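The primary structure of each chain is shown beneath.
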Amino acid sequence: MTRGDTVWARVYYRNATGEELRPVLTLMGPGGRTVELHCTPAAHDEPGICETPRVPSSGPPGPGSATAVAEFVGAGPVEEAPLLLRAGSERAPEARG
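My aim in this report is to walk through the structure given alongside it, one point at a time. (Residues numbered from 1 in each chain as written. Predicted model: local features only at pLDDT ≥ 70, side-chain atom pairs only at ≥ 80, totals over all residues. Heavy atoms only, no water.)

## Observations regarding the nonpolar core
And then number 1: Core analysis: the largest hydrophobic core is formed by 14 residues, its most contacted members being V11, L25, L27, C50 and F72.
And then number 2: When contributions to this core are tallied by element, the ones reaching two or more residues are β3 (10-14), β4 (22-28) and β8 (67-73).
And then number 3: Here this core gets three residues from one element, more than from any other, and that element is β8.
And then number 4: In this structure F72 touches V11, Y13, L21, R22, P23, P82, L83, L84 and L85, once residues within four positions along its chain are discounted. (Core = buried A, V, L, I, M, F, W, Y, C linked by side-chain atoms within 4.5 Å. Buried < 20%, exposed > 50% of the residue type's maximum accessible area, 1.4 Å probe, protein only. Helix = DSSP H or I, 4+ residues; strand = E, 2+ residues; numbered from the N terminus. Contact = heavy atoms within 4.5 Å.)

## Examining the state of the cysteines
And then number 1: Counted according to the given criterion, the structure contains one disulfide.
And then number 2: C39 shares a disulfide with C50; S-S distance 1.4 Å. Here the residue C39 occupies a position in the loop between β5 (34-38) and β6 (47-51), and C50 occupies one in strand β6, the gap between them amounting to 11 residues. For the pair C39 and C50, one class covers both residues: buried. (Disulfide = S-S within 2.5 Å.)

Shown next, in the form of structure tokens:
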């Protein structure tokens, strides 16, 4: 998401499984800058939001200045936990003029 010269990532979720989920939200900006956030969703059927801190955009403002990836991992040791979902944003196509 962008507003002015600020960028951040947000994911909406609903954990209807009743089991532990470990979401990780990663925001990758221009110049190799990365913000990673580990969220703790409740194990119930209420909707929730996970959002990275808002950071200044070091590239041109607007869509495509950063990408985001949300990964939801199941319970258990990190090296054994199953990847349940990976969703990512796509960069906007370059404007041609």
